[in-house]
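Residue-level structural notes
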Amino acid sequence: MTVQNKLKKEPSELEALVKEKVTLASKLGLMGEGAQPIEVYEETEEYKRINEIDLRLWELVK
């Protein structure tokens, strides 16, 4: 593996999931400065995906 390939390392599954969760939660207004959750966020596909991510993260860290 070259030095350049090491620098372009793909993110781990854990890193990718955390990034996706933060993006989704921010979109729904669940995190970030002055967070204001959108109405009925619990019923969105994004929120369902956050729950799926949480389950996978639990598997990765336990």
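Look above for the structure.
Keep in mind it's a predicted model, so treat the numbers as computed, not measured.

1. Here we look at the packing of aromatic side chains
Taken as a whole and judged by the stated rule, the model has 1 aromatic pair. Between Y41 and Y47, the aromatic rings sit 5.1 Å apart at their centres with planes inclined by 80 degrees, giving edge-to-face as the arrangement.

2. Examining helix α2 (residues 13-27)
Along its 15 residues, α2 runs 21 Å from first to last C-alpha, staying within 8% of the 21 Å computed at 1.5 Å per residue. For α2, every residue scored as buried is listed here: L17, L24 and A25. An end-on view of α2 places all buried positions within 95 degrees of arc, on one side of the element. Opposite the buried face of α2, at more than 90 degrees from it, the exposed residues are K19, T23 and K27.

3. Details of the nonpolar core
A general tendency of soluble globular proteins is for nonpolar side chains to be buried together. Core analysis: the biggest nonpolar cluster contains 8 residues, these being L17, L24, A25, L28, Y41, I50, I53 and L57. For this core, the secondary structure elements donating two or more residues are α2 and α3 (45-61). Apart from the residues lying within four places of it in its own chain, the contact partners of L28 are Q36, P37, I38, Y41, T44, E46, Y47 and I50.

4. Thoughts on the side chain of T44
Along the chain, T44 turns up in the loop between α2 and α3. Under the relative-accessibility criterion, T44 is labelled buried at 17%. Looking at T44, its side chain comes within polar contact range of the main-chain nitrogen of Y47, at 3.1 Å. Those residues within four positions of T44 in sequence are excluded, and the remaining contacts are L28 and I38.

Rules used in this analysis
Residues numbered from 1 in each chain as written. Predicted model: local features only at pLDDT ≥ 70, side-chain atom pairs only at ≥ 80, totals over all residues. Heavy atoms only, no water. Phe/Tyr/Trp six-rings, centres within 6.5 Å; stacked < 30°, edge-to-face > 60°. Helix = DSSP H or I, 4+ residues; strand = E, 2+ residues; numbered from the N terminus. Expected span 1.5 Å × (residues − 1). Buried < 20%, exposed > 50% of the residue type's maximum accessible area, 1.4 Å probe, protein only. Arc of directions from axis to C-beta. Core = buried A, V, L, I, M, F, W, Y, C linked by side-chain atoms within 4.5 Å. Contact = heavy atoms within 4.5 Å. Polar contact = N/O pair within 3.5 Å; in protein donor to acceptor, adjacent residues only side chain to side chain.

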